[in-house]
Amino acid sequence: MTLREITYRQALNEALAEELERDQNVFLMGEEVAQYNGAYKISQGLLERFGPKRVIDAPIAEAGFAGIGIGAAMVGLRPIVEFMTFSFSLVAFDQVANNAPNIMTMSGGQFHAPIVFRGPNGPAHQLGATHMHATECLYANFPGLKIVVPATPRDAKGLLKSAVRDEAPVLVLEVEMLYAFKGMVEPPMPEFDLLVPIGKASVAREGSDVTILSYGRTVPMALHAAEQIEKEHGIHAEVIDLRSIKPLDLETILNSVTKTHRVVVAEQDRPFCGIGAELTFQIQQHIFDELDAPVARVAQEEVAVPYNEALEHAMLPNEEKIVAAVRATCGV
């Protein structure tokens, strides 16, 4: 099979097209997804191909169209609901966090909500505080939701396709800063269906001296930092791409830390009550004696994201901060 290089944006578009083609119960709904081809052009060409009953423009009313999607899922359809940014999902917080994940339990298994909520999440570039929330730790607190954060075009396609087929509500938290990022992906073929399993992390780079746990926007940062630290100090960093926030692939994480004995968590969210806090707890609970140094964390600063470009760069995680954390953890 010959791989081809496509963007993260194109990979998501392919996933949507393939799932709309595969299952007539799948439909896409959100603000500007149809006639405008999506705010970030993820749904380019889908309206022309599948028509207005399958690709539906919704009004600026996140609580309303998220609720419609949940109702449709309860009666057998498989909605894909796009939020223009996951910061706007907070307007539909009751629907996403309170209704969708609880329907199956509260109905005694009579109803399910096989729905996908997707869209850009987390820090982007000079969008201001109200458009830059990383919502993964917020939604991870609610049982019944699955949460994935693809960092590569291949994972973006494979995880979205898996999410559409899952029986639980799944949040596909995309990375706006990676929409133009290119990677190698298998071509669409009748005999091959690209499905990346939810709940399985990826070893993005093998190493022996320190583990860098990353996801989403921090994955390419961690990979570049690992290359720099090896070149400058001979430290071989293993980079783990979590891919799935919930469920979490503890086996891959613990195996890596058992091998390297040192950990740096690079997360795109704020540190307080963040994903890194949970990872640190799980590591010390299960393999505390394997640690040769305290777990280090690189995250946002505990402030609202400023609009000013220099201040924004200073408060967000970046390669330089990861390099510094790895050096401190390894004592160089």
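Residues numbered from 1 in each chain as written. Predicted model: local features only at pLDDT ≥ 70, side-chain atom pairs only at ≥ 80, totals over all residues. Heavy atoms only, no water.

**Q** With reference to specific residues and values, describe the packing of aromatic side chains.
**A** Enumeration over the complete set of coordinates arrives at 8 aromatic pairs. Aromatic side chains Phe-83 and Phe-86 sit 5.4 Å apart centroid to centroid with 75° between the ring planes, which places their arrangement in the edge-to-face category. A residue is classified by how much of its surface remains accessible, and Phe-83, at 0% relative accessible area, is buried. With a centroid separation of 5.6 Å and 75° between ring planes, the pair formed by Phe-93 and Phe-142 is classed as edge-to-face. Of the two residues, Phe-93 is situated in helix α4 (residues 93–99) and Phe-142 in the loop between α6 (136–139) and β6 (146–148); the sequence distance between them amounts to 49 residues. Here the aromatic residues Phe-65, Phe-83, Phe-86, Phe-93, Phe-117, Tyr-139 and Phe-142 are joined through ring pairs into a cluster of three or more. (Phe/Tyr/Trp six-rings, centres within 6.5 Å; stacked < 30°, edge-to-face > 60°. Buried < 20%, exposed > 50% of the residue type's maximum accessible area, 1.4 Å probe, protein only. Helix = DSSP H or I, 4+ residues; strand = E, 2+ residues; numbered from the N terminus.)

**Q** Describe the sheet that holds strand β11 (residues 237–241), listing the residues and the values that go with them.
**A** Note on sheets: strands pair through backbone hydrogen bonds, and any given pair is parallel or antiparallel. Strand order in this open sheet of 5 strands is β9-β11-β10-β13-β14, and the pairing throughout is mixed. The sheet terminates laterally at β9 (202–205) and β14 (296–298), the two strands that pair on one side only. Put simply, the sheet's adjacent strands are angled 25° from each other on average, direction ignored. Taken together, the 3 bridges between strand β13 (residues 263–266) and β14 define a ladder with parallel strand orientation. Along β14, the bridge assignment pairs Val-264 with Ala-296. (Pairing = 2+ DSSP bridges. Axes fitted to C-alpha atoms, helices over the stretch in contact; angles between N-to-C directions.)

**Q** Any chance you could break down the domain arrangement of the protein for me, citing the residues and the numbers?
**A** When the domains of the protein are assigned, the result is domain 1 (4–185) and domain 2 (202–330). One C-alpha centre belongs to domain 1, the other to domain 2; they are set 26 Å apart. Contacts between domain 1 and domain 2 engage 28 residues on the former and 25 residues on the latter. Contact between domain 1 and domain 2 buries roughly 2200 Å² in total, counting both sides, with carbon and sulfur atoms accounting for 57%. Connecting domain 1 to domain 2 are 1 salt bridge. The salt bridge partner of Asp-155 is Arg-243, with a shortest N-O separation of 3.1 Å. Where domain 1 touches domain 2, the interface holds 12 residue pairs in polar contact (both at pLDDT 80 or more). (Domains from an automatic or database assignment. Contact = heavy atoms within 4.5 Å. Buried area = accessible area lost by both parts, 1.4 Å probe. Salt bridge = Lys/Arg side-chain N within 4 Å of Asp/Glu carboxyl O. Polar contact = N/O pair within 3.5 Å; in protein donor to acceptor, adjacent residues only side chain to side chain.)

**Q** So, the pattern of salt bridges: which residues are in play, and what are the values?
**A** Using the criterion set out here, one finds 21 salt bridges in the structure. Salt-bridge contacts for Arg-118 lead to Glu-174; the nearest nitrogen and oxygen are separated by 2.5 Å. One end of the pair, Arg-118, is in strand β5 (residues 116–120); the other, Glu-174, is in strand β7 (residues 170–174), with 56 residues separating them in the sequence. Both residues of the pair, Arg-118 and Glu-174, belong to the buried class.

**Q** Could you give me a rundown of a nonpolar patch on the surface, with the residues and numbers involved?
**A** On the surface, a nonpolar cluster with roughly 300 Å² of combined accessible area is contributed by Met-1, Leu-3 and Met-184. With respect to the secondary-structure elements, Met-1 resides in the segment before β1 (4–7). Given a relative accessible area of 57%, Met-1 falls into the exposed group. (Patch = residues over 30% accessible without salt bridge, like charges linked within 9 Å, V, L, I, M, F, W, Y side chains within 5 Å. Areas by Shrake-Rupley, 256 points an atom, 1.4 Å probe, with all protein chains shown as cover.)

**Q** Describe in detail the packing of helix α1 (residues 8–22) against helix α7 (residues 153–165), supporting the description with residues and values.
**A** α7 packs onto α1 with a crossing angle of 25° between their chain directions and a minimal axis gap of 8 Å. The orientation of α1 with respect to α7, classified from their angle, is roughly parallel. For the crossing formed where α1 meets α7, the hand is right-handed. Seen from α1, the contacting residues are Tyr-8, Ala-11, Leu-12, Glu-14, Ala-15, Leu-16, Glu-18, Glu-19 and Arg-22; seen from α7, they are Pro-153, Ala-156, Lys-157, Leu-160, Lys-161, Val-164 and Arg-165. (Parallel < 35°, antiparallel > 145°, perpendicular 65-115°, else oblique. Left-handed = near helix turned anticlockwise from the far one by under 90°.)

**Q** Got a sec to walk through the state of the cysteines? Specific residues and values, please.
**A** Under the definition given, this model contains 0 disulfides. Cys-137 carries a free sulfur, and the closest cysteine sulfur to it, the one in Cys-273, is 7.5 Å from it. Look at Cys-273 and you get exposed, because its relative accessible area is 57%. (Disulfide = S-S within 2.5 Å.)

**Q** Could you give an account of the packing of helix α8 (residues 218–233) against helix α12 (residues 319–330), naming the residues involved and the relevant values?
**A** Axis separation between α8 and α12 bottoms out at 9 Å; the angle between their running directions is 50°. With respect to their mutual orientation, α8 and α12 come out oblique. Relative to α12, the crossing made by α8 is right-handed. Along its contact with α8, which presents Met-221, Ala-222, His-224, Ala-225, Gln-228, Ile-229 and His-233, the element α12 presents Glu-319, Ile-322, Val-323, Val-326 and Arg-327.

**Q** Quick rundown of the sheet that holds strand β12 (residues 244–246)? Include the residues and the values.
**A** Spatially, 7 strands are ordered β3-β2-β4-β5-β7-β6-β12 in an open sheet, and the strand pairing comes out mixed. If you trace the sheet from one side to the other, it starts and ends with β3 (55–57) and β12, each paired once. For this sheet, the mean inter-axis angle between neighbouring strands, taken without regard to orientation, is 20°. Bridge count between β5 and β7: 5 bridges; the pairing is parallel. Paired with Val-116 across the bridge in β7 is Val-170. Its contacts with the sheet place α1 against β2 (26–30), β3, β4 (78–82), β5 and β7, and it is angled at close to 130° to β2.

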